[in-house]
Amino acid sequence: MSEKYEPKHKMDESLFRMRHSLAHVLAEAVLQVRPKAQLGFGPPIRTGFYYDFKLDEPLAESDLPDIEKRMRKIIQEKQEFKREDLPKEQALKKLEGMGQELKVEYAQELLKAGENLSFYSSGPFVDMCEGPHVSDTSKIPLNGFKLDSLAGSYWRGDSHRPMLTRIYGLAFPTENELKEFIKNRELALKRDHRKLGQELELFTFDEHVGKGLPLWLPNGTVIREELEKFAKELEFKDGYVRVATPNIANGELYKLSGHLQLYKEIMFPPMKSLEKDPDSPAEEFYMKPMNCPHHHMIYLNRPRSYRELPLRLAEYGTCYRFEKSGQLAGLLRVRSLSMNDAHLYCTVDQIEEEIKKIVAMQEFYYKKFRLERVWIRLSLHDQDKEKFVDNEELWTKTENMLREVLKELKVEYEEAAGEAAFYGPKLDYQTENVIGREETISTIQLDFTAPERFQLEFTAADGSKQRPLVIHRAPLGTHERFISFLIERFGGAFPSWLSPIQVRIVPVAEDFLPYAEKLSDDLRGQMVRAEVDATTDSFSKKVRNAVTKKIPNIWIVGANEVKDQTVTWRRYAVEKQAQVPAEKAKGMLALMIQQRTMDNFPDVDLPP
RNA sequence: GCUGGCGUAGCUCAGCUGGUAGAGCAGCCGCCUUGUAAGCGGCAGGUCACCGGUUCAAACCCGGUCGCCAGCUCCA
């Protein structure tokens, strides 16, 4: 029985029935081994189904095979799914009689909303459920499902409520589809940025430094810096100016910004100055969780005129957030993050134009990096006063503003209440990583809070003082997360312009080392990250080493190449290779790098 | 933070019901001088995450801590 199921990717009705029925079969099997288990929710999901149980005696992963065996037996018994609709009192009594307290709680809620209650039974198992189901268990493919994992989950998703045991199952119409899914998942795991990050020596973590605090290795740092260079150029062209601000700030700044009131639990605990005078209070400093307050102070540096708006302050700022330990995940969720941040101060009239420009920049990036499966989420506030600043009028106004811009741009989006920042609504660009986790890749946020709190003003043409609006935007999100998506999208094979090593020159034998070295020196002279494989490994081994490191270009030099003053150019992305005059090859490579060609994709050719 | 699982060499992993550790790759040193994904030989490398307990004896059993993984909650 599902509380509410909103398929992100549509599931057809028969699949829904099958998965949903499997959840019931799972519950029936679990009740055989844990007769006192309380049932939570058991909905179909994108890859199968799950069911939540409150257990008197815990289950372990090692119990799953036995439960699965019992499920198969139930399926073979051809149990019929029968629906029964009961009046309120009778329904509640039935659930109470079954001793299903969680269901009773949920039923009471449903009844408050005036809904009728339906039950489905199959064999000895009865569950309050709105259906639909298959007609009988024989319609469930015996080999199309598999119990997958065991995990904890909170009852009603509330961390203050009891923790339940959730059993996940995979389910597909046929055994082949199940096998294919499992195979693809294993394949996807090979692209996991944590695995590739280690293999390609991009970044690491060390528990002495602290969890969630990535150390960028030389190779990873190249990627960060190339990305930054790219972003800085684009921002320059769009009229941004760069600023630099400290990593810490006095607590007073965050009182002013509202972070200490609404964001404190995500901030690192304060550092206190040692005051010699016991009467004067110690100063408190915080690691910055966001760059905005610093930027607002830069805005306030002197009076501003309407003539300088929009003022676009950009910084690759490092922020620190004390994320809960359980939610840290590789580079996807860290505690120190470098944001591709900027704050735009503009008039209400300029909002639309500015957001359009930012959206255009975003689209340009995603197209460039070929990030597919990206969708826009309009993140709105809800009535949670703990989470959002209390100003209904401005929320409505700014939310509508964003909606209008989206309509104007004719882009598709989904709305999500309760997902806004505490200071205003956002346009989040969502994507899925390799393990199917949905994450925000970048964000555009409208801020109506800061201008008030910081008393931001500009002098209008008529001499009056007016308030600007603030747009926060980070098209590349953070280095950490964005690079994790790139690693997974590219399977670790970066285009030449981003690649830590852009070309490895592999001599066929030692005799050709001088020629290789000469080429490498020339390339390094034109700022190309070239290196020579001067090991005494066999030629095959050298090729293998370059390929396993996913170096985008291998230049092979031997007797023929020396004689003709050429290189044999082998690209990582494509099978075929070509012999190219050395001088020409150097020019081509320089051009690819300068144009930021996405030559890690096989459909992209070398320049003519 | 919570629930469950995991933690053996730089990496991937072996190590039976407790008898104080082993392979391949990587590294280093030789030999080989190589034409498109692993040439050959040798050497070195581990307080078995950490702390405590049980035991004649602990990588293995028990407790705690730290870290990692999945999920929940939360988020760039």
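No experiment lies behind these values; they were computed from the predicted model shown.

Explain the overall build of chain A to me, using residue names and the numbers behind them.
Along the backbone of chain A there are 18 helices and 28 strands. Viewed in the frame of its principal axes, chain A has a C-alpha envelope of about 90 × 75 × 55 Å. Across the 608 residues that make up chain A, the buried fraction comes to 53%. Within chain A, contacts between residues separated by at least 24 positions form 71% of all contacts whose residues are at least 6 apart in sequence. Split by element, the accessible area of chain A, about 29,300 Å² in all, is 50% carbon and sulfur. If the 89 positive side-chain charges of chain A are averaged to one point and the 97 negative ones to another, these points end up 3 Å apart.

Which residues make up the protein's contact with RNA strand B, and what values go with them?
Surrounding RNA strand B, one finds 49 residues, the nearest of these being Tyr154, Met163, Ser325, Arg333 and Thr440. If you look at RNA strand B and keep only atoms within 4 Å of the protein, 48% of those are sugar or phosphate atoms. In the model, a phosphate oxygen of RNA strand B is placed 2.7 Å from a nitrogen or oxygen of the arginine 194 side chain. At a separation of 2.8 Å, a base nitrogen of RNA strand B approaches a polar side-chain atom of arginine 544. At the level of elements, β7 (145-154), β8 (163-171), α6 (193-199), β20 (438-447), α16 (539-548), α17 (559-564) and β27 (566-571) are the ones that each hand at least two residues to the surface near RNA strand B.

I'd like a description of the sheet that holds strand β17 (residues 375-380), backed by residues and values.
Ordered in space as β11-β15-β16-β23-β20-β19-β17-β18, the 8 strands form an open sheet in which the pairing is mixed. Of all strands in the sheet, those with a lone pairing partner are β11 (241-242) and β18 (413-417), marking the two edges. Bridge analysis of strand β19 (residues 426-432) against β20 gives 7 bridges, and the strand direction is antiparallel. Note on β20: the bridge partner recorded for glutamate 432 is glutamate 438. This element, helix α7 (residues 218-237), spans β11, β15 (311-320), β16 (336-346) and β23 (469-474) of the sheet and lies at about 160° to β15. In this fold helix α11 (residues 351-369) packs onto β15, β16, β19, β20 and β23, with an angle of close to 160° to the strand it touches most, β20.

For the environment of asparagine 250, give the residues involved together with the corresponding values.
Along the chain, the position of asparagine 250 falls in strand β12 (residues 248-250). Judged by relative accessible area, which is 23%, asparagine 250 ranks as partly exposed. Between the C-alpha atoms of asparagine 250 and proline 270, which are 20 residues apart in sequence, the distance is 9.1 Å.

Could you give me a rundown of the environment of serine 464, with the residues and numbers involved?
When you line up the elements, serine 464 lands in the loop between β21 (458-459) and β22 (465-466). In this structure the C-alpha to C-alpha distance between serine 464 and glutamate 233, which are 231 residues apart in sequence, comes to 35 Å. Leave out the neighbours within four places in its chain, and serine 464 touches Phe458 and Thr459. Here the side chain of serine 464 touches aspartate 462 through a polar contact of 2.6 Å, side chain to side chain. Polar contacts involving the side chain of serine 464 include one to the side chain of glutamine 466, which spans 3.2 Å.

Go over the packing of aromatic side chains with me, naming the residues and quoting the values.
With the rule as written, the count across this model stands at 26 aromatic pairs. Ring centres 5.2 Å apart and planes at 70° place the aromatic pair phenylalanine 230 and tryptophan 497 in the edge-to-face group. Separated by 267 residues along the polypeptide, phenylalanine 230 in helix α7 and tryptophan 497 in the loop between α14 (479-490) and β24 (503-507) bring together distant segments of the chain. Judged by its relative accessible area of 0%, tryptophan 497 falls in the buried class. Lying across the ring of tyrosine 50, arginine 166 places its NZ or CZ 3.7 Å from the centre.

Before we move on, could you go through the domain arrangement of chain A and cite the residues and values that matter?
Each domain of chain A was delimited in the assignment, giving domain 1 (13-177), domain 2 (203-273 + 282-490) and domain 3 (503-594). Distance from the C-alpha centre of domain 1 to the C-alpha centre of domain 3: 60 Å.

Talk me through the pairing of β16; I want residue IDs and the actual numbers.
The element β16 is largely enclosed, with a buried count of 11 among its 11 residues. Here β16 shows two buried faces, one formed by Ser336, Ser338, Asn340, Ala342, Leu344 and Cys346 and the other by Leu337, Met339, Asp341, His343 and Tyr345. Pairing analysis gives 10 bridges linking β15 to β16, with the strands arranged antiparallel. Residue pairing for β16: threonine 318 is matched across the bridge by serine 338. Taken together, the 5 bridges between β16 and β23 define a ladder with antiparallel strand orientation. If you follow leucine 344 over to β23, its bridge partner there is isoleucine 471.

Outline the sheet that holds β12, listing residues and values.
Paired through backbone hydrogen bonds, the strands of a sheet run either parallel or antiparallel to each other. Sheet architecture is open: 3 strands sit in the order β12-β14-β13, paired in antiparallel fashion. Because the sheet does not close on itself, it has two edges, and the strands there are β12 and β13 (271-272). Pairing analysis gives 2 bridges linking β13 to strand β14 (residues 284-287), with the strands arranged antiparallel. Considered in β14, the bridge of lysine 272 is made with glutamate 284.

Before we move on, could you go through α16 and cite the residues and values that matter?
Here α16 has its buried residues at Lys542, Val543 and Ala546. Along the long axis of α16, the arc covered by the buried residues comes to 100°, so they all point the same way. The exposed residues of α16 that point more than 90 degrees off its buried face are Ser540 and Arg544. On its buried face, α16 is in contact with β24, β26 (553-557) and β27.

The rules behind each value
Residues numbered from 1 in each chain as written. Chains lettered and ligands numbered in written order. Predicted model: local features only at pLDDT ≥ 70, side-chain atom pairs only at ≥ 80, totals over all residues. Heavy atoms only, no water. Helix = DSSP H or I, 4+ residues; strand = E, 2+ residues; numbered from the N terminus. Buried < 20%, exposed > 50% of the residue type's maximum accessible area, 1.4 Å probe, protein only. Contact = heavy atoms within 4.5 Å. Areas by Shrake-Rupley, 256 points an atom, 1.4 Å probe, with all protein chains shown as cover. Lys, Arg positive; Asp, Glu negative; His and termini not counted. Charge placed at Lys NZ, Arg CZ, Asp CG, Glu CD. Near = heavy atom within 4 Å. Polar contact = N/O pair within 3.5 Å; in protein donor to acceptor, adjacent residues only side chain to side chain. Pairing = 2+ DSSP bridges. Axes fitted to C-alpha atoms, helices over the stretch in contact; angles between N-to-C directions. Phe/Tyr/Trp six-rings, centres within 6.5 Å; stacked < 30°, edge-to-face > 60°. Lys NZ or Arg CZ within 6 Å of the ring centre and 35° of its normal. Domains from an automatic or database assignment. Arc of directions from axis to C-beta.

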